[in-house]
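Summary of structural features
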Amino acid sequence: MSAIAREVVLGVGAGIAAYKSCDLLRRLQDRGYAVTVVPTPSSLNFVGAATWQALSGRPVATHVWENSHEVSHISLAQRAHFFLIAPATADLIARMSAGRADDLLTNLILAANVPIMIVPAMHPQMWNDAATVANVATLRSRGYVVMEPEIGRLTGSDSGQGRFPQVSSIIERFDQLTGNLRDLQGKRILISGGGTRESIDPVRFIGNRSSGKQATALATAAVLRGAEVTLVAANMDTSSLDTLAVHHVESAAQMHLALAKEFESCDVLIMCAAVADAKPSQSTIEKIKKAIFTTIELEPNPDILAELSRKKSQQIMIGFAAETSNLITSAQAKLKSKGLDVIYVNDVSDGAIFGKDTTSGTIITRNGEEIALKEVSKDALAHLLLDHALRQLG
Ligand code: CTP
């Protein structure tokens, strides 16, 4: 799957299996898809809009008349890369096959030109009815992927073919359609993030404005793609990263130590942290009184990335550069001097980027490729850098 092609419309029809799509939504999100739920109006009898809004974290509409100033049936259709209709009832299948557009979901399906996968669930007699059989054949002839319902007991006492498939089977089939393979499975990725703090005294430190958001995006993306991830986190919020190994550090020296321990066994190092270039020559145990707090003598910190690069064997090295002028030439020089495969240069003039969810800058590779990015999400940059790492790993 292309790194950014992961916007999904999850269409929900009016079947009892709608409640199972709550779990399906979660599993899709776990796998890196960004999901907008579009229920049919009658499906809200099974699962209400509030539930979909809370689970997806996005607004939910059922009719074209809601938010009509946004022309949502066109804007959503243009934004989506894939549609997954689950559960699809006999009625919804009939409407899709006839090309009806009587609610937001069917409008979207008509307006979109992207792969559509349908997961039917209904009573076996409805599934086997000649009308449904013909409608499914029509949809398949138009290129829709229609999963076979499972055979087994239904909600009542009846049994037969019509059950909503296991969520894991739906995900497996959907991943095949979208190409979302766990392409970093078995790879060990070491990431540093946040900003180091160099102690002056028990109260004060030298720090920087790094929020750690880019490192969080990188770690999340790498986990989603199956990598084994270790994060060395300096003074950043890691509360959303409970599934991976996190080493918390404060200073550059601590970060150096933690990274050096993990470096040998990693396949990729992504040095995203903002490391203080210098530290106070002396950190006092007692708070320095303001009357004598006039100058701080500094000594340089080691360049962690350059040092690890000198020890590298097969590791892919990815660095970041924070610049305010001569972005490309400065980044090219850093790529060379630090022995990197890829560098991403941020324009940080006026504190731009720090703490934001988006970034603008340029990816520069060892082979001289330059990819300029404008206001892309930090998640998107994370996936692009991982794509580069994967390519270099062969
Ligand atoms: N870096 C590092 N150790 C340092 C300083 C920086 O490992 N002591 C890493 C950063 O994590 C980043 C890359 O080197 O991946 C470039 O960092 P940057 O701050 O842009 O450059 P510096 O090498 O510090 O050079 P300058 O401050 O002169 O621009």
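Rules of the game
- Residues numbered from 1 in each chain as written.
- Predicted model: local features only at pLDDT ≥ 70, side-chain atom pairs only at ≥ 80, totals over all residues.
- Heavy atoms only, no water.
- Domains from an automatic or database assignment.
- Helix = DSSP H or I, 4+ residues; strand = E, 2+ residues; numbered from the N terminus.
- Polar contact = N/O pair within 3.5 Å; in protein donor to acceptor, adjacent residues only side chain to side chain.
- Near = heavy atom within 4 Å.
- Areas by Shrake-Rupley, 256 points an atom, 1.4 Å probe, with all protein chains shown as cover.
- Nonpolar A, V, L, I, M, F, W, Y, C, P; charged D, E, K, R; others polar.
- Patch = residues over 30% accessible without salt bridge, like charges linked within 9 Å, V, L, I, M, F, W, Y side chains within 5 Å.
- Salt bridge = Lys/Arg side-chain N within 4 Å of Asp/Glu carboxyl O.
- Phe/Tyr/Trp six-rings, centres within 6.5 Å; stacked < 30°, edge-to-face > 60°.
- Buried < 20%, exposed > 50% of the residue type's maximum accessible area, 1.4 Å probe, protein only.

Turning to the domain arrangement of the chain, a few remarks are in order. A common way to report how large an interface is uses the accessible area buried once the components associate. When the domains of the chain are assigned, the result is domain 1 (7-178) and domain 2 (188-393). The centre of domain 1, based on its C-alpha atoms, is set 42 Å off from the matching centre of domain 2.

Relative to the helices and strands, Asp 237 resides in the loop between β11 (228-234) and β12 (245-249). As for Asp 237 and Thr 216, which are separated by 21 residues in sequence, their C-alpha atoms are 8.5 Å apart. Reaching out from Asp 237, the side chain makes a polar contact with the side chain of Ser 239 at a distance of 2.7 Å.

Taken together, 14 residues are adjacent to the ligand, and Met 271, Ala 273, Leu 305, Lys 334 and Lys 338 come closest. One of the backbone nitrogen or oxygen atoms of Ile 304 is found 3.1 Å away from a nitrogen atom of the ligand. Across the complex, the protein chains shield 77% of the 560 Å² of accessible surface that the ligand would expose by itself. Those elements that provide at least two residues to the shell around the ligand are α11 (304-311) and β16 (316-323). No other element matches β16, which puts four residues into the shell around the ligand. Residues that form the shell around the ligand fall into these classes: nine nonpolar, one polar and four charged.

Moving on to a nonpolar patch on the surface. Where nonpolar side chains cluster on the molecular surface, the patch consists of Ile 16, Tyr 19 and Phe 46 and spans about 320 Å² of accessible area. With respect to the secondary-structure elements, Ile 16 resides in the loop between β1 (7-12) and α1 (20-30).

Looking now at the packing of aromatic side chains. Both the distance between ring centres and the angle between the ring planes are used here to describe each pair of aromatic rings. In this structure the tally under the stated criterion is three aromatic pairs. Centroid distance Phe 82 to Phe 174: 6.1 Å. Interplanar angle 80°. Geometry classified as edge-to-face. Taken together, the positions of Phe 82 in strand β3 (residues 82-88) and Phe 174 in helix α8 (residues 167-178) put the pair 92 residues apart, joining distant regions of the chain. A single burial state applies to Phe 82 and to Phe 174, both of which are buried. Judged by centre distance (5.8 Å) and plane angle (70°), the rings of Phe 320 and Tyr 344 are edge-to-face. Here Tyr 344 lies in strand β17 (residues 342-347) and Phe 320 lies in strand β16, a separation of 24 residues in the sequence. What makes Tyr 344 buried here is its relative accessible area of 0%. One aromatic cluster in this structure is built from Tyr 33, Phe 82 and Phe 174.

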